[in-house]
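# Structural characterization, general
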Amino acid sequence: MKKNPTKQKVIDAASSLFFQKGFHGTSVRDIAEKASVNVSLISYYFKGKQGLLEYAVTNYYEEYLKTLEEAIEEADSLTPLKKLNVLIFTIIQYKQRNHQLTCFIQRELSLDSVFVREMAVTYLAKENHYIRHTFLNAIGGQVKGDTRHYLLMQLKGMLITPYILHSEWKEQVIGDYSHQIFVKKYVNTIQQWINFITEKGISAEKNMSNIIADEKTWRIGD
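Remember, it's a predicted structure, so these values are computed and weren't measured experimentally.

## Observations regarding the overall build of the protein chain
The number of helices and strands found in the protein chain is ten helices and zero strands. Starting at the N terminus and ending at the C terminus, the protein chain contains elements arranged as α-α-α-α-α-α-α-α-α-α. Across the 222 residues in the protein chain, those meeting the buried criterion constitute 40%. Considering only contacts within the protein chain whose residues lie at least 6 apart along the sequence, 70% involve residues at least 24 apart. Accessible surface, the protein chain as shown: approximately 13600 Å² in total, 54% of it carbon and sulfur.

In structure tokens, the structure reads:
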């Protein structure tokens, strides 16, 4: 299905302004001026600013989940570890391609609101399922117990950190080419971490057990 170029121009303008000024700091007139369209056109397409937000976020997540599903399906014949690597690349590439809207959404998700709860019930639950299932299959039985869940938490943190702390990267990521370089380097860093925990998983588990045992000894001695 072909995208409406005028509609997309409004969404791009809104994404940029929401990213820079926040949802409440952006007016419909601001969006219309940036998109070079009439204010009435935004009302016609989206029924106002709230409708525009809901459309942009819904469109973002539906396309995102479709992209993840296709990547997982195409990687079905690969080993679990390679399948995880494909998923990670797909996630970061999509988020970086939609950088400003991703940053805005991640910022909003840190707040407790009706918007957040609706996202959690629908799209975020599905995203979490894909990441969790693929990750746990990749690490297999090398890591057990609570450590598996802590590592999953760390992975999910790495997948959203660049978009929560986007100010840390703003001088390094300018223009399409630098976005591509960032994707390549950042994905490679995450993959190195995965290789480390899968290769060293058993040793890490033993080390954690030793730390806990040492702490218990220290507390008893105290």
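## What to know about the nonpolar core
Counting 59 residues, the largest nonpolar core has Ile31, Tyr61, Phe135 and Leu155 as its most contacted members. For this core, the element with the most residues is helix H4 (residues 49-74), which contributes ten residues. Once you skip the residues sitting within four places of it in the chain, tyrosine 61 turns out to touch Ile105, Leu109, Met119, Tyr123 and Leu124.

## Remarks on the layout of surface pockets
Here the largest pocket defines a volume of roughly 670 Å³. Around the largest pocket, the lining is made up of 23 residues, and of these Lys3, Gln8, Ile11, Asp12 and Asn59 lie nearest the centre. Going through the elements one at a time, helix H1 (5-21), H4, helix H5 (80-97) and helix H6 (99-109) are the ones with two or more residues in the lining of the largest pocket. Considered class by class, the residues forming the lining of the largest pocket number seven nonpolar, eight polar and eight charged.

## Remarks on unusual backbone geometry
Here the phi dihedral of serine 36 falls at roughly 60 degrees; this positive angle occurs in a residue that is not glycine. With respect to the element layout, serine 36 can be found in the loop between helix H2 (28-35) and helix H3 (39-46). Its relative accessible area of 61% is what places serine 36 among the exposed residues. Positioned with a positive phi, lysine 47 is a non-glycine residue whose angle comes to about 65 degrees. Relative to the helices and strands, lysine 47 is located in the loop between H3 and H4.

## Here's the deal with the side chain of threonine 198
Of note, threonine 198 is situated in helix H9 (residues 175-199). For threonine 198, a relative accessible area of 10% corresponds to the buried category. Side-chain polar atoms of threonine 198 contact the backbone oxygen of isoleucine 194, separated by 2.8 Å. Dropping the residues within four chain positions of it, threonine 198 is found in contact with Leu81, Ala138, Ile139 and Gln142.

## Re the packing of aromatic side chains
Within this structure, the stated rule accounts for 13 aromatic pairs. Seen in terms of ring centroids, phenylalanine 182 and tyrosine 186 are 5.3 Å apart; in terms of plane orientation they differ by 10 degrees. Their pairing is stacked. Remark: tyrosine 186 and phenylalanine 182 occur in helix H9; sequence separation between them is four residues, near one turn of the helix. For the pair formed by phenylalanine 182 and tyrosine 186, the shared burial category is buried. Taken together through their ring pairs, the aromatic side chains of Tyr60, Tyr61, Tyr64, Tyr94 and Tyr123 make up a single cluster. Across the ring face of phenylalanine 23, the terminal group of lysine 49 is positioned such that the distance to the ring centre comes to 4.3 Å.

Reading the values: the criteria
Residues numbered from 1 in each chain as written. Predicted model: local features only at pLDDT ≥ 70, side-chain atom pairs only at ≥ 80, totals over all residues. Heavy atoms only, no water. Helix = DSSP H or I, 4+ residues; strand = E, 2+ residues; numbered from the N terminus. Buried < 20%, exposed > 50% of the residue type's maximum accessible area, 1.4 Å probe, protein only. Contact = heavy atoms within 4.5 Å. Areas by Shrake-Rupley, 256 points an atom, 1.4 Å probe, with all protein chains shown as cover. Core = buried A, V, L, I, M, F, W, Y, C linked by side-chain atoms within 4.5 Å. 1 Å grid on protein atoms, 1.4 Å probe; cavity = no way out; pocket = protein on both sides within 12 Å on 5 of 7 lines; lining within 4 Å. Points joined across faces, edges and corners; volume = space filled by probe spheres on them. Nonpolar A, V, L, I, M, F, W, Y, C, P; charged D, E, K, R; others polar. Polar contact = N/O pair within 3.5 Å; in protein donor to acceptor, adjacent residues only side chain to side chain. Phe/Tyr/Trp six-rings, centres within 6.5 Å; stacked < 30°, edge-to-face > 60°. Lys NZ or Arg CZ within 6 Å of the ring centre and 35° of its normal.

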